[in-house]
Amino acid sequence: MRTAPLAFLVLLACKNTDTDTEPMEADADADADADSDTDADADTDTDADTDTDTDADTDTDTNPPCADDPQEPNDTLATAIESTSGIDLVVCDGVPDFWAIPLEPYDTLEVVVELDNAFGDLDLYLYDGAGGPAGYSLTSSDEERVSFENGAQAQTLTAEVRMYSGTDNVYQWSATISGCDYGIDEPNDDAADATPLADLLLSRTLLQSETDWYSLTVPDGEVLELSVSLEATLALRDVGLALLEVGSSGAGESTLTWFNDTGADAPVLVELSANGPPPCSVYDISTSLSPLVCPPDPYEPNDTEAMAATLPLGTSTSAATANDTDWFATPIDPGQFLSFELTVDPAITYTFMQDLDGSTVTFEAPASVFSATADDVLTQIQVNGGTCGAYDIVVTDITPDCTPDSHEPDDVFASPGPADDGDYVLGTTDADHFTVVVPPGHRALADVRVAWEAYGGLEAALYDGSGTELDRDDSDPFFDVKGDNTDVVDQDFTIVVENAAGPGECVPYSAAFLVQDCAAEDGEEPNDTPLTATPLLSAVDMIVNAANHDYIALPNVAPGQTLEATVTFPGRLADIDLRLLDAVGLTIDSSSSSRDFEVVSFTNTATFDASVTLEVFHYFQTTADCATPYAVTVTLTP
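Keep in mind the model is a prediction, meaning the values are calculated, not measured.

1. Remarks on the overall build of the chain
Inference 1: A tally of regular secondary structure across the chain gives one helix and 46 strands.
Inference 2: A separation of at least 24 residues holds for 71% of the contacts in the chain among residues at least 6 apart in sequence.
Inference 3: Here the chain has roughly 30,600 Å² of accessible surface; of this, 53% comes from carbon and sulfur atoms.

Below is the structure:
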C-alpha cells in the first residue's frame, strides 16, 4: 500500500486552518442557511464576534468543502483538459476530473491512475470521440488501468477519474500512446502495388482493415518456404490471381510451402490479411528458395500400370516424387487374404487398385484384399501438392485358417450345438447354430465378433422356441442379438451365425452367450438410495436392476488423495452409466459412454476428509432393460 502523497497531506492540513474560535462556522447561532460568516447581519466577526443575528442557523458541518486542484474546471466531458499525465491531482466526491487524449489512426492507448485507496476509492472510465463508453477499470486497488486500440480514424478519447467512495483523494495519472507506423511498404494494398519480396523483411505493419501484397519469382523445380511472424491469412497466387497454395497459422506464426513444377520460372504473389484484432500488427516476413531434394526410389521405373514393380510380402521402402506415380503388383492366390498398410509423410496419398473386377478402390490404411482366383493386386501411390516423400508398404498375409471347428456339424436349425463361449470358424457356405435354455422372465444374449474386421461379412440372428425370429444384427464387425422369454415355461432359444462375406471366404469369429434374470437383485440390497448406500471398496457379481439405481458408499478421500472408481459390465446386455456424488448429493464426476466400462474420479483439494458415493444406473432406465451384472474396483492414490 502506498503512503499518501505529500500534496494530499498538505491538503488535509489546509482544511483545518480556520482561525475562528467557534466550531467551524464562527457564529454560535442556529441558522440553517449556507452561512459563510459573510451573512447580511451586522457581523464583524474577528473571532470574538458578538453578533446577535436571529436567522435560524443550524449548520453543524465538521468538514470544509473539498479543496480541488488547480486543473479546473474539468468536471465534464465538455470541459475536459487535454493532457497525457498529471501528478498531485485531487478529485472530489461528485466532482470528477476529465482528461482529453488525442489519438492518431491505429494508436494504442493505455491509461493508468495511481492512488492510495486507503483515503478513498477511485474508478477510471474511458470515452470515445463521440462520448460513448470505450473502457473502464473499477478495482479496489491502488491502481486503475484501461487499454484501448484506435481504429482507422483519428479521435480524441476522454478519461474520467471519479470517486467511488470517500470525499476526496489525491492521484497521479499517465496516458501511454503507442503509434502505428503504417506507412512501411505502402501502398501495397493490392496486387498491382505488391512489394518485391526477397529473403527477410523486418518490422512490417499489417492493419486490420487492409491486405498486404508481396511479389517474387520461384525458379522452376524449387521449393518456396514462406514464414510470417503473425497468425494471419496467407495465400499464394499466380500473376492471374489464381490460387496456388493456402498457408497455415498457429503458435504466433503463419507458414506456406509451394513447389514449382510448372516447367518454368514462376512469378507469384503473396497475399497477407489479418485474422482479426489488433488493428495494427508488426511482423517479419521471410522466404527461402531451395531445389527439391527427393529420396532415392529403388523401384523405378514403375510410373505406369504396365511397369508395375513386384511388391512382395513384408515391408518395402520406396519414394514418390513430383509428377510421378508409383505402381506395384502383388501376386495373390485363390482364397488368400492380404493386408496392405502404408506409412507415409503428409504429401503422399495412395490408391489400391485390384483388377479382379476392373474397379479402383481407395482405402485407408490398413486395407485388405481377398481373391477368389489367382491374380495380382495393383497398388498405386500418388503425390499431393507436387512434393515428394518416402514411404513404407507392409504387405501381410492374413488368410484365416478355415479348418472346421470342433462344434461341427451344426449347419442346420434342427441340430444346433450347445451355446459355449469360444472361438469358431464359419465355413464358406454353411451357417453355425447354437442353442440355449432360457427360463421365464430371463433374457438371452449372444455377442459375436469377427476375429479381424477385414474379414467381415457375418449376420447373427436369435429365435425363440417356436422358431420366431426375435433379433438380427448385420452390423460389421460386432454382432449382438438378444431376446426375452415372456412365456411361463422354459424355452430353447437358437442363435444362428451366417456367412455373408462372399463366395469362397471363411470367417473366424468368437462368440459369447449370456442368460440373465431380468428381475434379479444382488445381496447388497436395499441400496437404492444414497441413505441406504452399501459401503464397498471393490465387488464382483453386483447387479443393477432396470427400475432402480445402486448406491455404493466409497472410502473417505483424504486431503490430497485421488479416488478412481471403475465399473465393468457386459455392454451387450445393457448400457450402464455412473455418477460420483459428494456428501450433499451433488455430482462431482460422471461417466456415460457406449463402452463395456465406465470410470469416475475425484481429487480432494480440501483440508479435510471427503465422503463420496457412487451411483450406478442404466442409461435408458426403462423396464426394457434387463438387470445387469457388474463389478466395481476402487483405487486411492497416494
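2. Quick word on the confidence of the model for the chain
Inference 1: Of all residues in the chain, 81% have pLDDT values of 70 or greater, and the mean over the chain is 81.
Inference 2: In this model residues 361-365 is a low-confidence stretch, pLDDT under 50, and it forms 11 contacts with partners more than four residues away in sequence or in other chains.

3. Overview of the side chain of aspartate 326
Inference 1: Assignment of secondary structure puts aspartate 326 in strand β22 (residues 326-332).
Inference 2: For the buried aspartate 326, which has no salt bridge, the nearest side chain bearing the opposite charge is arginine 237, at an N-O separation of 31 Å.
Inference 3: A polar contact is formed between the side chain of aspartate 326 and the side chain of tyrosine 391, at a distance of 2.7 Å.
Inference 4: Aspartate 326 has contacts with Asp297, Glu300, Asn302, Asp303, Ser318, Ala319, Ala320, Thr379, Gln380, Ile381 and Tyr391, leaving out every residue within four places of it along the chain.

4. A look at the sheet that holds strand β44 (residues 597-603)
Inference 1: With respect to topology, four strands assemble into an open sheet ordered β39-β46-β41-β44, the strand pairing being antiparallel. Because the sheet does not close on itself, it has two edges, and the strands there are β39 (538-544) and β44. On average, adjacent strands in this sheet sit at an angle of 20° to one another, irrespective of strand direction.
Inference 2: Sheet analysis places strand β41 (residues 562-568) next to strand β46 (residues 628-637), joined by seven bridges and oriented antiparallel. Bridge assignment links threonine 562 to a residue of β46, and that residue is threonine 637.

5. Structural notes on unusual backbone geometry
The phi angle of most residues is negative, glycine excepted, and most peptide bonds adopt the trans form.
Inference 1: Across the junction of glutamate 408 and proline 409, the peptide omega takes the value -5°, indicating a cis bond.
Inference 2: Relative to the elements of secondary structure, proline 409 occurs in the loop between β28 (389-397) and β29 (417-418).
Inference 3: The peptide bond linking glutamate 525 to proline 526 adopts the cis configuration, its omega dihedral lying at -5°.
Inference 4: In this fold, proline 526 is placed in the loop between β37 (507-517) and β38 (534-535).
Inference 5: For tyrosine 106, which is not glycine, the phi dihedral falls at a positive 65°.
Inference 6: In this fold, tyrosine 106 is placed in the loop between β3 (97-103) and β4 (108-115).
Inference 7: Judged by relative accessible area, which is 8%, tyrosine 106 ranks as buried.
Inference 8: Its identity as a non-glycine residue notwithstanding, serine 203 has a phi of 50°, on the positive side.
Inference 9: Here serine 203 lies in strand β11 (residues 200-207).
Inference 10: Overall, serine 203 belongs to the partly exposed group, its relative accessible area being 40%.

6. Details of the state of the cysteines
Here, the word disulfide means a covalent bond between the sulfur atoms of two cysteines.
Inference 1: Counted according to the given criterion, the structure contains one disulfide.
Inference 2: One disulfide bridge connects cysteine 180 with cysteine 280, the sulfur atoms lying 1.9 Å from each other. Its S-S torsion of about 80° marks the bond between cysteine 180 and cysteine 280 as right-handed, since a negative value means left-handed. One end of the pair, cysteine 180, is in the loop between β9 (168-178) and β10 (195-196); the other, cysteine 280, is in strand β19 (residues 280-291), with 100 residues separating them in the sequence.

How each quantity is defined
- Residues numbered from 1 in each chain as written.
- Predicted model: local features only at pLDDT ≥ 70, side-chain atom pairs only at ≥ 80, totals over all residues.
- Heavy atoms only, no water.
- Helix = DSSP H or I, 4+ residues; strand = E, 2+ residues; numbered from the N terminus.
- Contact = heavy atoms within 4.5 Å.
- Areas by Shrake-Rupley, 256 points an atom, 1.4 Å probe, with all protein chains shown as cover.
- pLDDT = per-residue confidence, 0-100.
- Buried < 20%, exposed > 50% of the residue type's maximum accessible area, 1.4 Å probe, protein only.
- Lys, Arg positive; Asp, Glu negative; His and termini not counted.
- Salt bridge = Lys/Arg side-chain N within 4 Å of Asp/Glu carboxyl O.
- Polar contact = N/O pair within 3.5 Å; in protein donor to acceptor, adjacent residues only side chain to side chain.
- Pairing = 2+ DSSP bridges.
- Axes fitted to C-alpha atoms, helices over the stretch in contact; angles between N-to-C directions.
- Disulfide = S-S within 2.5 Å.

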